[in-house]
Amino acid sequence: MHGESSVKVPGGKLVRAAVTYEAHVQSVEIRGDFFLEPPEALTALERAVEGLPRDASHEEFATAVGAVDATLVGFDADDVATAVREAME
Amino acid sequence: MSDDHDGLRVVDPEALSEPVHHALDEVLTNRLQAGETPPTLRVWRRDTPAVPFGRFQSFDDEVEAEYAREHGIVPVRRVTGGGSMYVAPGDVVTYSLYLPASWVPDDVEASYADLDRSAIEALRGLGLDVRHEPLNDIEHADGKIGGSAQLRSGDAVLHHATMSYDLDTREMLRVLRIGAEKVSDKAVRSAEKRVAVMTDHLDASREDVIDAVVDAYVARFGGGRGELSEDEREAALELADAKFSTPEWNERL
């Protein structure tokens, strides 16, 4: 299955998630007008949530994203978790 | 400003293509980090209309590619995050600062406010009532007049900003994929409420604005007029061809 969602972050940034999943998350694309240092960490953010059960909790998704060694600016791990989970609703 | 440096090299080259501008951002940031180039303020002059869009945005989500192609509007993915803009030669004021990290607050949010401050003071000095709006917007009471974006690369910080001196809102809505309503009068009015342009509020010319902004940063950091080196130009031209004008970079996300 495939789903997409957009989360508008307080302060104005947009985080979009496109998720392919069955019982588990298979692949994720995160896009938006946020900032991320280093920029190459985008792939690591996406990989971090792949493999999680689709019914994992918000905290499990946010923890996985938060474990990536990167500085998220204008958005945070909670926003990514929200976007990914909403894409699977 | 500290006393142990020569300040900014201010460069204001002739009009260049959109991919070359973005290549210069990468080249000058990397060379500053390598200690091969001085801290620099670069004024952008464009030779075509363009859509610079954020590093993490989807090309297809942001750009009406066919319209852009048919009308000679050049989309280029920036090295920095943030959103997409429609920019036309003569309508915007764009500049890049390449600074050592030691000149910039460590906190990212604070550094946007700090580095936007000089430009905002320059605009206020011309009579335009603008303020910094976190994270990275420059706001007038009528709407957003500009925005900035940063990239940190080791000990080098790139901070670039674009402000609307004027703006063709209709053309912006045609080339940016902002919503389904596109060029309806309602969409135009809605967009006009969100964005502000200097010409509605200011008698100064665009060149006056550029001069005031440059002067404000020179007053703060010191330095003066300089030139890009031939080597910097050549490296940027090569990188523009190899990266910033290719679908592999621009359409990668």
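Conventions used here
- Residues numbered from 1 in each chain as written.
- Chains lettered and ligands numbered in written order.
- Predicted model: local features only at pLDDT ≥ 70, side-chain atom pairs only at ≥ 80, totals over all residues.
- Heavy atoms only, no water.
- Contact = heavy atoms within 4.5 Å.
- Buried area = accessible area lost by both parts, 1.4 Å probe.
- Salt bridge = Lys/Arg side-chain N within 4 Å of Asp/Glu carboxyl O.
- Polar contact = N/O pair within 3.5 Å; in protein donor to acceptor, adjacent residues only side chain to side chain.
- Helix = DSSP H or I, 4+ residues; strand = E, 2+ residues; numbered from the N terminus.
- Nonpolar A, V, L, I, M, F, W, Y, C, P; charged D, E, K, R; others polar.
- Buried < 20%, exposed > 50% of the residue type's maximum accessible area, 1.4 Å probe, protein only.
- Arc of directions from axis to C-beta.

If you look chain B up in an unreviewed UniProt entry, it shows as Lipoate--protein ligase from Halarchaeum grantii.

Labelled according to an unreviewed UniProt entry, chain A appears under the name Lipoate--protein ligase, originating from Halarchaeum grantii.

(A) Layout of the interface of chain B and chain A. The interface is formed by 19 residues belonging to chain B together with 16 residues belonging to chain A. When chain B packs against chain A, the two sides together hide about 1300 Å² of surface, and 62% of this comes from carbon and sulfur. Three residues, F56, L135 and L253 of chain B, lead the burial of chain B against chain A; their summed loss comes to 40% of the area buried on that side. Where chain B packs against chain A, one counts 2 salt bridges. Here chain B and chain A share 6 residue pairs in polar contact (both at pLDDT 80 or more) between them. Counting residues per element, the ones that place at least two in the side of chain B that touches chain A are α4 (108–125) and β8 (143–153) of chain B. Considering only residue class, the side of chain B that touches chain A consists of 8 nonpolar, 8 polar and 3 charged.

(B) Quick peek at the environment of R55 of chain B. Checked against the element boundaries, R55 of chain B lands in the loop between β3 (50–53) and α2 (59–62). Judged by relative accessible area, R55 of chain B falls into the buried class, the value being 11%. Linking R55 of chain B and R77 of chain B, residues 22 residues apart in sequence, is a C-alpha distance of 5.6 Å. The contact partners of R55 of chain B, leaving out residues within four places of it in the chain, are P39 and E40 of chain A together with R77, R78, V79, T80, G81, W249 and L253 of chain B. At 3.1 Å, the side chain of R55 of chain B and the backbone oxygen of V79 of chain B are in polar contact.

(C) Fine view of helix α6 (residues 185–194) of chain B. Residues and elements named next belong to chain B. Listing the buried residues of α6 in full gives A187, V188 and A191. Axial view of α6: buried residues confined to an arc of 100°, hence all on one face. Among the exposed residues of α6, those oriented more than 90 degrees off its buried face are K186, R189 and K193. The inward-facing, buried residues of α6 abut α5 (169–175).

(D) A look at the pattern of salt bridges. Residue and element names in this part refer to chain B. One pass over the structure, following the stated rule, counts 22 salt bridges over all chains. The partner of E232 in a salt bridge is R9, with the nearest N and O atoms 3.0 Å apart. Note that E232 is positioned in helix α8 (residues 230–244) and R9 in strand β1 (residues 8–11), a separation of 223 residues in sequence. Among the salt bridges present, the one from D12 reaches R225, with a minimum N-O distance of 3.9 Å. With a gap of 213 residues between them, D12 in the loop between β1 and α1 (18–33) and R225 in strand β10 (residues 223–225) connect regions that are remote in the sequence. Among the ionic contacts, a cluster of salt bridges with common partners joins D12, R45, R206, E207 and R225.

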